[in-house]
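# Results of the structural survey
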Amino acid sequence: MGVIEKQRITALQTLLREAGIDYYIVPTADYHNSEYVSDYFKMREFLSGFTGSAGTLVVSGKEAGLWTDGRYFVQAESELEGSGIVLYRMHEENVPTIKEYLEKNVEEGQTIGFDGRVVDAFFGKELEEAFGGKNVTLAYDRDIAVQLWQDRPAMPVSRIWVVPEESCGMGVTEKLGKVREKMAEEGAAHLLLSKLDDIMWLCNIRANDVECNPVALSYAFISREKAVLFIQSAALTEETRGYLAENGVTCEEYDHAAAYLKSCEIDGKVWCSCADISYMLYKLVQDRTELVDKKNPTELMKAVKNPVELEHIRECYIRDSAALTKFLFWMKENAGKTAMDELSVAAKLDGMRAEIPGFLDLSFPTISAYKSNAAMAHYSATEEHFSRIDAEGFYLVDSGGQYEGGTTDVTRTIALGAVTDEMKLHFTRVACAMLRLADARFLYGCTGRNLDIIARAPLWECGLDYKHGTGHGIGYILNVHEGPHSLRWQYKQETPETKLEEGMIVSDEPGMYVQDSHGIRTENIVEIVKEEKNEYGQFMGFRHLTYVPIDLDAIDTQHMEPSDIRKLNAYHERVYEKLAPYFEGAELELLKKATRAV
């Protein structure tokens, strides 16, 4: 174990010495900082042998280290054995960050190298600031390690398809017009986009180049009069190329983007978000003109769904909720009677979703976690590591789908048999947390940080908490995690806050996790709506999009306020009303029982 990886690290160190590079950084990323990375971009995995979805390798002439977070400590320790690579457990006491490690070890006059296409400009600028006065060179124009990967998989490419205007509610020409208005307000003559879901939204196209994200590898460069889409020619048909041309979008080859930006006419400032563009492209444009470093204007436009999108989303969530509810009924009825494990039941749920009209793909790999496995918030069962499921304890499933009418995300935890009083307390408080936030009213101008405490209060009252955000935005036939808005309680300077707008949708997902025992998360997706307007201002609220029962077998009403019980009963009344048309016979009786008043 680790022998091949040790040889690869040694070979890389030889290449680094020849290139005059003292420290080399290999992140887990593609050229667009996508959430999921295709096999073509798994250089860090190839070099280190670590297969987790998040981690960064740093190699020097003397040593190699891999940084990853708590989700992967056990996995990384096993997979790195024998490789000579040191595991740095991120966020643990006395463990340096990559930046701190480099600041301590890099000497004056040395060179830090990385492939500038897979390192974002935000991190690149951090390195500039850290080493600006130390005569340290950043070499970002070469992928040194690629010489070692002889059988590298092919670059992903899939045919794009057009989202018809009757499904997306706004044409490309209108979207380009709105983007150019925002550019004019910022004094920008050009806009450079590298964020794939922004580009897909702007051009009303989708593809399958990134797992679970219906996007195509691409760049876009928007000027006052011209819009250029850099995309692989194999992704286009005559029809899609013609559609884009009719809407004022010119297509160029994907790998010509850098050359184009070096030679094209730039007659003013270029707007680009350093958090969403590679360091290589950032430096290329910075060398030519002044930059406007702000979030892409497309991000907020995309986040505020229009009436056509919302209509499709509401319908989509009801169908998705019905499928998940039927799956949960099956789980409760068959646990202990039918052989099942985390992988087999996830496959069953995935298959049930695939039967929903308009299904395209999963929106992320299904998280299927039993008992203590669910205590790891982003646990992933694998063929090597999974648990059998019996008629006891909690089972958690976090899942979603991509449909022609929207993108879904939902989490439920159910009791498959006996659970302890403590587990019922935790489950009940999490349910109260989700429902209290969903029932909140707030004045326009609030951000997610103003509201996050509403969800945490039922847990904080008991001295409990969960170590993740309460909510994130969700795309429309796009990425299941979407900004710029979010629900979180901590202030972070590097994460700008965004006002919650009518038409945004956001997850409401408090949880509770006890190591070696159980994990609970109850997640609904809610739509942000306007309430009344009076002398105090415009009041806002949430409306449920998710209609899946909350398991009453795990509810203990002694841990609920009377208002919490009213919220639960009102929610279940709406669940029955929305889902009853999709149920009949014995399943309908189960739905009645699952949504009964308590």
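Refer to the preceding data block for the structure.
Think of each chain on its own: its residues are numbered from 1, step by step along the sequence as written. The model is predicted, so local features are restricted to residues of pLDDT at least 70 and side-chain atom pairs to those at 80 or more, both for listing and for counting; the totals for chains, interfaces and linings are taken over all residues. The side-chain quantities take in all heavy atoms of the structure and omit both hydrogens and water.

### Looking at the overall build of the chain
- Runs of E in the DSSP output that reach at least two residues are strands. Runs of H or I that reach at least four are helices, and both are numbered from the N terminus. Check the secondary structure of the chain and you find 18 helices and 28 strands.
- For the radius of gyration, the atoms used are the C-alpha atoms, and the globule rule reads 2.2 Å times the number of residues raised to 0.38. Taking 2.2 N^0.38 as the reference for a compact globule, 598 residues should give roughly 25 Å; the C-alpha atoms of the chain span a radius of gyration of 25 Å, in line with that estimate.
- Taken along the three principal axes of its C-alpha coordinates, the chain extends 70 × 55 × 50 Å.
- To sort residues, take the accessible area from a 1.4 Å probe on protein chains only and compare it with the maximum for the residue type: under 20% means buried, over 50% means exposed, and anything in between is partly exposed. The proportion of buried residues among the 598 residues of the chain is 57%.
- Split by element, the accessible area of the chain, about 25600 Å² in all, is 48% carbon and sulfur. The Shrake-Rupley method, run with a 1.4 Å probe, gives the accessible areas here. Residue values count only the displayed protein chains as cover.

### Regarding the sheet that holds strand β6 (residues 137-139)
- Any two strands with at least two DSSP-identified bridges between them are counted as paired. What the six strands build is an open sheet, ordered β4-β3-β2-β1-β5-β6; its pairing is mixed. This sheet does not close on itself; its edge strands, each paired only once, are β4 (86-89) and β6. Strand-to-strand, the axes of this sheet are offset by a mean angle of 20 degrees, without reference to chain direction.
- For strand β2 (residues 56-60) and strand β3 (residues 64-68), the ladder comprises four bridges, and the chain directions are antiparallel. Directly across from Val-58, in β3, lies its bridge partner Gly-65.
- Every residue pair with non-hydrogen atoms within 4.5 Å of one another is taken to be in contact. Each axis is a line fitted through C-alpha atoms, and for a helix only the stretch in contact is used; angles between axes span 0 to 180 degrees, taken between their N-to-C directions. Packing of helix α1 (residues 3-19) onto the sheet brings it into contact with β1 (23-26), β2 and β3, and relative to β2 it is tilted by some 60 degrees.
- Taken strand by strand, helix α5 (residues 121-131) contacts β1, β5 (111-114) and β6, and its axis lies near 155 degrees from that of β6.

### With respect to unusual backbone geometry
- Omega for the bond connecting Gly-483 with Pro-484 falls within 30 degrees of zero, at 5 degrees, which places this linkage in the cis form.
- You can see Pro-484 is positioned in strand β23 (residues 482-487).
- Located in the positive-phi region is Ile-477, a residue other than glycine, with phi close to 50 degrees.
- Mapping Ile-477 onto the fold places it in the loop between β22 (471-473) and β23.
- Owing to a relative accessible area of 1%, Ile-477 belongs among the buried residues under this scheme.

### Digging into the packing of aromatic side chains
- Only Phe, Tyr and Trp rings are paired, with Trp represented by its six-membered ring, and only when their centres lie within 6.5 Å; those with planes under 30 degrees apart are stacked, over 60 edge-to-face, the remainder tilted. All chains considered together, the criterion is met by 21 aromatic pairs.
- Measuring from centroid to centroid gives 4.8 Å for Tyr-31 and Phe-41, while their planes differ by 80 degrees, and the two rings are edge-to-face. Placement of the pair is Tyr-31 in the loop between β1 and α2 (43-48) and Phe-41 in the loop between β1 and α2, with a sequence separation of 10 residues.
- A centroid spacing of 5.1 Å and a plane angle of 70 degrees characterise the contact between Phe-230 and Tyr-260, whose relative ring orientation is edge-to-face. Of this pair, Phe-230 sits in strand β11 (residues 227-231) while Tyr-260 sits in helix α10 (residues 257-263), placing them 30 residues apart in sequence. Taken as a pair, Phe-230 and Tyr-260 share a single burial class, namely buried.

### Thoughts on the pattern of salt bridges
- Within this document, salt bridges are pairs made up of a side-chain nitrogen of Lys or Arg and a carboxyl oxygen of Asp or Glu, the two lying within 4 Å of each other. A full pass over the atoms with the stated rule returns 42 salt bridges.
- The shortest N-O distance in the salt bridge between Asp-197 and Lys-195 comes to 3.1 Å. In this pair, the class of Asp-197 matches that of Lys-195, namely buried.
- Between Asp-198 and Lys-302 there is a salt bridge; the shortest N-O distance is 3.2 Å. One end of the pair, Asp-198, is in helix α8 (residues 196-203); the other, Lys-302, is in helix α12 (residues 297-303), with 104 residues separating them in the sequence. The pair formed by Asp-198 and Lys-302 is uniform in burial state, with each residue classed as buried.
- One salt-bridge network, in which partners are shared between bridges, spans Lys-195, Asp-197, Asp-198, Asp-276, Lys-295, Glu-299, Lys-302, Lys-305 and Glu-482.

### What about the sheet that holds strand β15 (residues 359-362)?
- Ordered by their spatial adjacency, three strands build an open sheet running β15-β18-β19, and the pairing between neighbours is antiparallel. For this open sheet the edge positions go to β15 and β19 (406-407), each flanked by a neighbour on one side alone.

### Digging into α8
- Most of α8 sits out of view: eight of its eight residues are buried.
- Of all the residues in α8, the buried ones are Leu-196, Asp-197, Asp-198, Ile-199, Met-200, Trp-201, Leu-202 and Cys-203.
- Directly after α8, the chain includes Asn-204, whose backbone phi takes a positive value near 55 degrees.

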